[in-house]
Structures are given as structure tokens and as C-alpha cells.
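Read off the chains here:
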Amino acid sequence: MAGRGPALRLQECQQGCTTHLGDIISVFFRFISGNLAQDSSDSELELSAVRHQPEGLDQLQAQTKFTKKELQSLYRGFKNECPTGLVDEDTFKLIYSQFFPQGDATTYAHFLFNAFDADGNGAIRFEDFVVGLSILLRGTVHEKLKWAFNLYDINKDGYITKEEMLAIMKSIYDMMGRHTYPILREDAPLEHVERFFQKMDRNQDGVVTIDEFLETCQKDENIMSSMQLFENVI
């Protein structure tokens, strides 16, 4: 949403299960955009200036779908913004809030931080960042949807409950702030959750499983189209 002007169309936050994956990617590329165009002639990652030393370049290349040159550019941007080599949650929230000044992005950034913090140690390493970004940009549809499911499955028990989805939706609406068109009603997040479960909860047991999520999303043309938007962004 950053850069789209002060007014955000309500339908942009009411689309299917992949809502805001594009914004997630956009934020990270603005976060490092000043460095992606730099010369990538270094043969290896520059590790001496950071406290946390990421895995070797060859290993990261094997774990992701980025080339060596792309990884070098990504690393320079990450290091310039995060000299310690680690991003804690407070820093992450500060970075994210800069791109959504019209609202309060704190809670949504918390959920997003947890999705990127793969090992749950309270910090996003370059490895966490680039592996997650690789999935969002170059992953298969199945991989991208699994990542989105993990974002919505707040307690990581393998199910999305109405309470979890409501928390996510409230955080998205808070992030959007008052600059929406038409103006959001207070019960809009709950209505979105009810529509989500009517569509996703196939057996009506009150939770959405990964299988239900994948099956429903893959039958939605809008969601499938959104999966292709950022594949060649680097």
C-alpha cells in the first residue's frame, strides 16, 4: 500500500487469503531498494562488519532460488539497514510502520515478524529474511500458500481459528487507518472473518486446516493471479 496515495480501496483489504502478500514484498524491497542497484562484483558476502555471520553464500544459494549476484545485492541492503546482522521485533515494527504512516502497523508487524522468525529466537537473521523472500518471490504456489497459512496460524497448531483470523484482520484494518474508501465500519473485520470461514471451512468444524486452505485458494482465480505478480521483481 505504500505509495498508493492516502485513500485505499476497501476491496484491497477484503480479497482472499493472500491479502497483503504483495505489500509484504513491497515493504522489504523498499527497505533494501537503495542498495539493490549497487555493483555486485564481490565474490563472497562481506561478513566482517556484522555481529551475526550468515551462512555461506553457496549454502544460501542452495536453500533459495536466488542467484549469487542477487544474494550479494540483498545482503548489502540488509547489512546497511541492520549492521548487527539481526532484526529484533522493535526494529522490525519501526521499519514496517514507516511504510504505513496512515495507521497503526504494530500488531500486523508482530504477526509478520513471527512468520519470518523461522526458529522463534526473537530475531530475523539474513537467512530467515532471504529464505522467506525466496518463497514469496520464487516459490511454487503451494509454498507461497503454506507461508500465508503459517502467518494466519498464530499459535502454530496447524489450524486457523476464527479468533486468529479476527486478530489478523483487525491488525490489517488498524494498519490501513482511516484513509480507506469507502470508510470502514467497526464490524468490517468480523464480517471478513465470517466470509473467510464460509469459503474455507469445508466441513464446518470451526477451524480451517492447511488442506482446506490450499484447496480453496487454488480454486480462486484472483488469488492465483496475485501469486504471479512479484516473481521477477529482482
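Note that the structure is predicted; figures quoted are calculated from it, not measured.

Participant: Residues and numbers for the environment of Asn155, please.
Facilitator: The residue Asn155 is located in the loop between helix H7 (141-152) and strand E4 (159-161) in this model. One polar contact links the side chain of Asn155 to the main-chain amide nitrogen of Asp157, over a distance of 3.2 Å.

Participant: Run through helix H4 (residues 89-97), naming residues and quoting values.
Facilitator: Given 3.6 residues to a turn, an α-helix orients residues that are three or four positions apart in the same direction. Within the span of H4, buried status applies to Glu89, Phe92, Ile95 and Tyr96. Projected onto a plane normal to the axis of H4, the buried residues spread over an arc of 120 degrees and lie on a single side. Among the exposed residues of H4, those pointing more than 90 degrees away from its buried face are Asp90 and Leu94.

Participant: Explain the packing of aromatic side chains to me, using residue names and the numbers behind them.
Facilitator: Applying the stated rule across the entire model yields 11 aromatic pairs. Seen in terms of ring centroids, Phe78 and Phe129 are 5.4 Å apart; in terms of plane orientation they differ by 35 degrees. Their pairing is tilted. With Phe78 in helix H3 (residues 68-81) and Phe129 in helix H6 (residues 126-138), the pair connects residues that are 51 residues apart, well separated along the chain. Across the pair, Phe129 and Phe78 agree in class, each one buried. Above the plane of the ring of Phe197 lies Lys162, whose end atom (NZ or CZ) is 5.8 Å from the centre.

Participant: Summarise unusual backbone geometry; cite the residues concerned and give the values.
Facilitator: The phi torsion at Lys156 lies on the positive side, around 60 degrees, for a residue other than glycine. Its place among the elements puts Lys156 in the loop between H7 and E4. Under the relative-accessibility criterion, Lys156 is labelled partly exposed at 38%. Positive phi values are uncommon outside glycine, yet Gln204 reaches one of about 55 degrees.

Participant: How would you summarise the UniProt feature "domain: EF-hand" (unreviewed entry) in the protein chain if you had to cite specific residues and measurements?
Facilitator: In the numbering adopted here, UniProt assigns the feature "domain: EF-hand" (unreviewed entry) to residues 104-139, 140-175 and 188-223. The span residues 104-139 shows a helical share of 67% and a strand share of 8%, and its end C-alpha atoms are spaced 30 Å apart. Across residues 188-223, helical content stands at 69% and strand content at 8%; the span's end C-alpha atoms are separated by 21 Å.

Participant: An account of H3 is requested, with residue identities and associated values reported.
Facilitator: Under the 1.5 Å per step criterion, the end-to-end length of H3 is 20 Å for 14 residues, consistent within 8% with the ideal 20 Å. Summarising burial for H3: 10 of the 14 residues are buried, a large majority. For H3, every residue scored as buried is listed here: Glu70, Leu71, Gln72, Ser73, Leu74, Tyr75, Arg76, Gly77, Phe78 and Lys79.

Participant: Describe the packing of helix H9 (residues 188-200) against helix H10 (residues 210-218), listing the residues and the values that go with them.
Facilitator: Remark: H9 packs on H10, axes separated minimally by 9 Å, with the N-to-C direction vectors making an angle of 90 degrees. Viewed along their axes, H9 and H10 adopt a mutual orientation that is roughly perpendicular. Across from Phe196, Lys199 and Met200 in H9, the residues of H10 making contact are Glu212, Phe213, Thr216 and Cys217.

Participant: Residues and numbers for the environment of Gly85, please.
Facilitator: If you trace the backbone, Gly85 turns up in the loop between H3 and strand E2 (86-88). For the pair Gly85 and Tyr75, spaced 10 residues apart in the sequence, the C-alpha separation amounts to 9.4 Å.

What counts and what doesn't
Residues numbered from 1 in each chain as written. Predicted model: local features only at pLDDT ≥ 70, side-chain atom pairs only at ≥ 80, totals over all residues. Heavy atoms only, no water. Helix = DSSP H or I, 4+ residues; strand = E, 2+ residues; numbered from the N terminus. Polar contact = N/O pair within 3.5 Å; in protein donor to acceptor, adjacent residues only side chain to side chain. Buried < 20%, exposed > 50% of the residue type's maximum accessible area, 1.4 Å probe, protein only. Arc of directions from axis to C-beta. Phe/Tyr/Trp six-rings, centres within 6.5 Å; stacked < 30°, edge-to-face > 60°. Lys NZ or Arg CZ within 6 Å of the ring centre and 35° of its normal. UniProt positions renumbered as here; feature names shortened; annotations may be inferred. Expected span 1.5 Å × (residues − 1). Axes fitted to C-alpha atoms, helices over the stretch in contact; angles between N-to-C directions. Parallel < 35°, antiparallel > 145°, perpendicular 65-115°, else oblique. Contact = heavy atoms within 4.5 Å.

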